[in-house]
Amino acid sequence: MPMPMTRAPIARRAIPRDVGSPGFAALLSGLLPGLGQVYGERWIKGILMLLLPILAFTLAGAFVAWADPLTAFVLQNAPAITFLVIGVTFAYHIYVVADAFAGRLRSLRGRHLLDYAILALVTLALVGGYATIYRQSAPWAGLAARMFAPFASKATTPVVSGEAPVPSWSGNDRLNVLLLGIDTRENDTTTRNTDTILVVSLDPVNKTAAMLSIPRDVYIDRPGTYQGKINGAFSFGGPDLVRKLVDDLLGIRIHSYALVNFEGFLRVVDGVGGVVVDAKRPIRDESYPTPDYGVERIDILTGPQLMRGDLALEYARSRHDTNDYSRARRQQEVVGALRTRIGQAQVLRTLPSLIDTIGSTIETDFDPASVLPLARTGTGIDSSDIKSDVLYPCGGDYPHCELRYDGEGGFYLLPDRPRVRDLAASLFYDPKVRQEGARVEIQNTGARTGLARDVADRLSARAYGVTDVTNGSNAKSAVVLRNGSKRYTAEQLRAALGLPIETTDGAGPDIVIRIGADFRGFATDVAAR
């Protein structure tokens, strides 16, 4: 008897099904791209959606920071690029939310009304959020394009053959910035002289800072480059010429400059709510210049006071009641007070409102990639660790002098270059020398009496750890390195004194400097002769 036939079971294709609520998945991906996919048990896709924008922004940021021409392009087109980046990010976020809502079914249809309501709310929230981000970012982008225009221009301009490139800041070495204050007035088509020339230097290693003001009447005698008062160099060759002249005068390298006109100064001070300055003496100026090229009388009392922009400018600019040296000190006081004010938390919250108002009044060639390290360094320095000084003329009641008067054909201040460079070297010392902390002994080995002590005093002012001054038997001048771990300091001493290095073992100080009859002097003195 034949057996009954049985039909083989038909294989059915598995139909995907959603896990959880599509609306909740969309909400999660709205909060964090990819989180809704993870909630729907699509782990790999969720993780990739989360990592993709992070990887894209990291790579793009690295390329922009590494390649100066690309950085320049981004700065020159900052508003358009900001719109493009935010627009692409918004579109990507919307796609991720829609994908999370569609789930495994890969369809937006067939959902509950509540799920669609949640999707609509998430979409509206993203539209509002990204619109807010753009409104907040657009002014910053415009500011960056205007403020860093000199950097962008230089990054795309070929370097002139034989011209030394401007040094970049590593973030760990000393940073020297040239601040220039310019008087630009409405309807004035002429290029103005620099009213303020101030070098600000930061030591990020030891958390200190220094400021040095250069009087406007300092005479520069560099045939073929510039001859005249230093405050007229800007009109002759712009900020790059001023930077070159200050480099040569002080014997240091200026990394960047910042140019601020009086209108920008007023806006910044008013924008942060004023600065608190302790006026040491009253000021009464009968001939203070006004914007319409007239004069007016100003009176400023002594004591701590909150100065708005106009009063702070008068305090920093007035010179008819005192002199340029007193004014330079007051300018440094205002700069220090402004730094303190900007670092306060309640003022930081008002910075976005300043963007549109100050963008056209400040410019700098500072590398934008170093802005954040600079901000961290500047705000981390205590006010007590900021030194300030001025190049003073000889013949007055000043703590030191580096300039001498010359009244022939006008009023000039002629710099004593060795003294100028010595003061600059003490203010802008090498941070690594101070950090290394080598113990240095100075030995007189045949030099004239008092020379070893003079060398010791000058090295101490430059942050070298001089521990003793002794007499030794006659010998040639040299830097004797006893502790190999202090070689960096020995190399800097070799460069500063123009002496050879000898290496030996022995107890006592890490380095011994022999000052013999053949000692010629500091390198700064020799170079300035």
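You'll find the structure just up there.
Residue positions within a chain follow its written sequence, with the count starting from 1. Selection of residues for local features in this predicted model requires a pLDDT of at least 70, selection of side-chain atom pairs for listing and counting requires 80 or more, and totals for whole chains, interfaces and linings are taken over all residues. Values shown for side chains rest on all heavy atoms present in the structure; no hydrogens or waters enter the calculation.

### Concerning the overall build of the chain
The helix and strand labels rest on DSSP assignments: H or I over at least four residues marks a helix, E over at least two residues marks a strand, and numbering proceeds from the N terminus. Within the chain one finds 19 helices and 19 strands. Throughout this description, buried means an accessible area under 20% of the type-specific maximum (1.4 Å probe, protein chains only), exposed means over 50%, and partly exposed covers the range between. Out of the 529 residues in the chain, the part that is buried amounts to 42%. In this description, contact between two residues means that some pair of their heavy atoms is separated by no more than 4.5 Å. A separation threshold of at least 6 residues defines the contact pool for the chain, and within that pool the share at least 24 residues apart is 69%. For the area figures, the Shrake-Rupley method with a 1.4 Å probe applies, and any residue is considered shielded solely by the protein chains shown. Element-wise, carbon and sulfur atoms account for 59% of the exposed surface of the chain, whose accessible area totals about 28,100 Å².

### What to know about the pattern of salt bridges
The term salt bridge refers to a pairing of a side-chain nitrogen on Lys or Arg with a carboxyl oxygen on Asp or Glu at a separation within 4 Å. All chains considered together, the criterion is met by 24 salt bridges. Here R42 and D99 are joined by a salt bridge, their closest N and O atoms 3.1 Å apart. With R42 in the loop between α2 (35–39) and α3 (43–66) and D99 in helix α5 (residues 78–102), this pair connects stretches of sequence that are 57 residues apart. When its relative accessible area of 12% is taken as the criterion, D99 is described as buried. When the shortest N-O distance is used, the salt bridge between R458 and D422 registers 3.0 Å. Placement of the pair is R458 in helix α17 (residues 451–461) and D422 in helix α15 (residues 417–427), with a sequence separation of 36 residues. What emerges from the salt-bridge pattern is a single network uniting R222, D248, R417 and R421.

### So, the state of the cysteines
Two cysteine sulfur atoms form a disulfide, by the criterion used here, when they sit within 2.5 Å. With the rule as written, the count across this model stands at 1 disulfide. Paired by a disulfide, C394 and C401 hold their sulfur atoms 2.1 Å apart. Looking along the S-S bond of the C394-C401 disulfide, the torsion reads about 80 degrees, which is the right-handed sense.

### Brief notes about the nonpolar core
The set of buried Ala, Val, Leu, Ile, Met, Phe, Trp, Tyr and Cys residues whose side-chain atoms join them within 4.5 Å is what this entry labels a nonpolar core. Counting residues in hydrophobic clusters, the biggest one holds 36 residues, and the most contacted among them are L178, I214, V246, L250 and F428. Every element with two or more residues in this core is listed here: β1 (175–182), β2 (194–203), β3 (208–213), α8 (233–250), β6 (256–261), α11 (324–342) and α15. Per element, the largest residue contribution to this core is 8 residues, and it comes from α8. Counting 22 residues, the second largest nonpolar core, distinct from the first, contains V433, L497, I515 and F522.

### Points about the packing of helix α9 (residues 262–271) against helix α10 (residues 309–317)
How two helices sit against one another is set out by the angle between their axes and by the gap between those axes. As a rule, the C-alpha atoms of each element are fitted with a line to give its axis, helices using only the stretch in contact, and angles between N-to-C directions run from 0 to 180 degrees. The contact between α9 and α10 brings their axes to 8 Å, and the two run at 125 degrees. Considering the angle they form, α9 stands oblique to α10. The crossing of α9 and α10 is right-handed. Across the interface between the two elements, F262, F265, L266, V269 and D270 from α9 touch G309, D310, A312, L313 and R317 from α10. The residue makeup of the contact of α9 with α10, split by class, is 6 nonpolar, 1 polar and 3 charged. An angle below 35 degrees is read as roughly parallel, one above 145 as roughly antiparallel, one from 65 to 115 as roughly perpendicular, and any other as oblique. Left-handed describes a crossing in which the near helix is turned anticlockwise from the far one by less than a right angle; the clockwise case is right-handed. In this classification, the charged set is Asp, Glu, Lys and Arg, the nonpolar set is Ala, Val, Leu, Ile, Met, Phe, Trp, Tyr, Cys and Pro, and all remaining amino acids, among them Gly, are polar.

### Points about a nonpolar patch on the surface
The grouping of F24, L27, L31, L32, L35, I47, L50, L51 and I54 at the surface amounts to a nonpolar patch, some 770 Å² of accessible area in total. Broken down by secondary-structure element, the contributors of at least two residues to the nonpolar patch are α1 (22–31) and α3. Top contributing element to the nonpolar patch by residue count: α3, with 4 residues. By the element assignment, I47 lies in helix α3. Nonpolar side chains (Val, Leu, Ile, Met, Phe, Trp, Tyr) are joined into patches within 5 Å and like charges within 9 Å, using only residues with over 30% relative accessible area and no salt bridge.

### Brief notes about the packing of aromatic side chains
Note on ring pairs: Phe, Tyr and Trp rings are taken, using the six-membered ring of Trp, and paired if centres are within 6.5 Å. Classes follow the plane angle, with under 30 degrees stacked, over 60 edge-to-face and the rest tilted. If you walk through the whole model with that rule in mind, you get 10 aromatic pairs. Ring geometry for F83 versus Y134: centroids 5.6 Å apart, planes at 80 degrees, classification edge-to-face. Residue F83 is found in helix α5, and its partner Y134 is found in helix α6 (residues 113–147); the two are separated by 51 residues along the sequence. Judged by its relative accessible area of 53%, F83 falls in the exposed class. Its relative accessible area of 30% is what places Y134 among the partly exposed residues. Seen in terms of ring centroids, Y405 and F411 are 5.6 Å apart; in terms of plane orientation they differ by 50 degrees. Their pairing is tilted. Two conditions define a charge located above a ring, namely a distance within 6 Å from the ring centre to NZ of Lys or CZ of Arg, and an angle within 35 degrees of the ring normal. When the ring centre of F101 is taken as origin, the NZ or CZ atom of R111, which lies over that ring, is 5.7 Å away. Against the face of F522 rests R458, its NZ or CZ located 4.1 Å from the ring centre.

### Some remarks on the pairing of strand β7 (residues 275–279)
Judged by which residues are buried, β7 turns out to be one-sided: V275, V277 and A279 face inward and are buried, whereas V276 and D278, on the alternate face, are not. Both β7 and strand β10 (residues 303–307) contribute to a ladder of 5 bridges, which runs antiparallel. Bridge pairing in β10 places V277 opposite Q305. Here the rule is simple: two strands pair whenever DSSP picks up at least two bridges between them.

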